[in-house]
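Below, each chain spelled out in residue letters.
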Amino acid sequence: MPAVPPIAAERLPELLRRMPKAELHIHIEGSLEPELIFEMSRRNGIAIPYAGVEELRRAYAFTNLQSFLDIYYAGASVLINERDFHDMAWAYLLKAKAENVVRAELFFDPQTHTARGVAMETVINGLHSACTRAGAELGVSASLILCFLRHLSEGEAFETLEQALPFQDKFIGVGLDSSEVGHPPEKFAKVFARCRELGLHLVAHAGEEGPPSYVWTALDLLKVERIDHGVQSSKDPQLMRRLAQDRIPLTVCPLSNLKLCVFPALEQHNLRELLDAGLVATVNSDDPAYFGGYLNENFTRTFAATGLSAQHAWQLAANSFEASFAEPEQKRRWRDQLDAAFAQFA
Ligand code: ADE
Ligand code: ZN
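The notes below deal with the structure included here. Because the structure is predicted, anything quoted here is derived from the model rather than measured.

1. Focus: the sheet that holds strand β4 (residues 173–177)
Here comes step 1: With respect to topology, eight strands assemble into an open sheet ordered β1-β2-β3-β4-β5-β6-β7-β8, the strand pairing being parallel. Each having just a single partner strand, β1 (21–27) and β8 (281–283) make up the two edges of the open sheet. Strand after strand, the sheet turns through a mean of 25° between neighbouring axes, direction not considered.
Here comes step 2: Bridge count between strand β2 (residues 101–108) and strand β3 (residues 141–149): six bridges; the pairing is parallel. Paired with L106 across the bridge in β3 is L144.
Here comes step 3: Running at roughly 155° to β3, helix α7 (residues 120–138) makes contact with β2 and β3 of the sheet.

As structure tokens, this is what we get:
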């Protein structure tokens with residue numbers, strides 16, 4: 001790890017905003033801002049049980065993961081046409097560009113849409129065209145990861161995979177999200193084994209609210225390459241050693257953890273503990289339209305609350321490139337850009 005030159009504390013927020021970085025844990029449906037929800041509600045004739053943008057925002061007072069998911073799935077109900085999926089992803093990618101995100105790996109939840117009669121093709125083509133456009137027009141590299149909803153059955157996950165396979169060239173991997181407690185990773189062992197045979201990348205949410213044992217089974221039974229969240233791992237020293245030794249990245253989402261009451265205050269977040277233990281931790285926004293901030297807000301607020309340093313900033317950005325599913329040569333170029341950004345700041 002290169003020694004990062006001393007940088008005055010008051011310049012840290014600017015450095016955090018300016019440094020190139022990858023975002024690896026963003027549910028694209030969680031980037032749908034209330035303004036866009038109401039615009040799509042109007043243009044698609046889908047009623048929303050809130051009088052307006054302010055009233056909807058006021059409802060974003062969550063007590064746990066499930067209280068958020070109920071509103072999140074309701075918000076996604078306005079997405080009907082290919083253009084809606086494109087517009088949602090494009091709005092996020094414009095923000096990503098403005099925040100110096102050079103690589104974004106976007107989760108999407110097809111079952112939320114196919115259950116309402118929206119075709120898989122509509123979902124994937126709309127999102128994928130926004131990703132292609134981001135590469136061409138913004139210089140932002142973007143790829144899709146299809147998530148299975150863990151509150152549904154493994155049989156339904158298999159059906160979803162079947163529907164998605166004609167478009168396999170348009171997504172790079174699969175993940176597992178939605179209600180965690182009571183739906184352990186092992187419920188999806190067979191469908192993940194099939195995805196592995198198909199050459200897809202594998203990730204899973206584990207240890208967000210659920211116990212460290214879910215992180216173990218995600219690793220050992222699902223054979224995932226990254227753990228999404230994983231913050232509960234710090235309760236299990238043996239698991240911490242495993243994650244560090246195998247360089248299994250954790251895609252940590254501090255403002256999400258705050259909004260969903262995983263930690264009572266940002267000051268008590270365990271990101272520093274994860275980094276100090278040598279884990280490949282990264283910072284991400286999860287569902288930025290619902291949790292009060294995009295990626296740079298996650299960085300600046302977490303650094304302010306926990307007193308992390310410029311060295312930690314460099315490490316987190318470097319980790320985000322290491323943990324990404326981009327090509328090794330591309331990752332090396334981003335690492336060089338990261339070092340150049342830090343050198344400029346010295
Ligand atoms: N879907 C969207 N955001 C999620 C989260 N934080 N955990 C599980 N499923 C999700
Ligand atoms: Zn998530």
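Alright, that's what it looks like, and here's the rest.
2. Points about the packing of aromatic side chains
Here comes step 1: For the structure on display, the rule yields twelve aromatic pairs.
Here comes step 2: Both rings, one in F68 and one in Y72, keep their centres 5.0 Å apart while their planes meet at 40°; by these two values the pair is tilted. One end of the pair is F68 and the other is Y72, both in helix α4 (residues 65–75) and four residues apart, which spans about a single turn. With respect to burial, F68 and Y72 carry one shared label: buried.
Here comes step 3: Residue class for Y72 comes out buried when judged on its relative accessible area of 3%.
Here comes step 4: Members of the aromatic cluster, each reached through a chain of ring pairs, are Y60, F62, F68, Y72, Y73, Y290 and F291.
Here comes step 5: Here the guanidinium or amino end of R133 rests over the ring plane of W90, the centre of that ring lying 3.8 Å away.
Here comes step 6: Positioned over the ring face of F325 is R226, at 4.1 Å from the centre of the ring.

What counts, and at which threshold
Residues numbered from 1 in each chain as written. Chains lettered and ligands numbered in written order. Predicted model: local features only at pLDDT ≥ 70, side-chain atom pairs only at ≥ 80, totals over all residues. Heavy atoms only, no water. Pairing = 2+ DSSP bridges. Helix = DSSP H or I, 4+ residues; strand = E, 2+ residues; numbered from the N terminus. Axes fitted to C-alpha atoms, helices over the stretch in contact; angles between N-to-C directions. Contact = heavy atoms within 4.5 Å. Phe/Tyr/Trp six-rings, centres within 6.5 Å; stacked < 30°, edge-to-face > 60°. Buried < 20%, exposed > 50% of the residue type's maximum accessible area, 1.4 Å probe, protein only. Lys NZ or Arg CZ within 6 Å of the ring centre and 35° of its normal.

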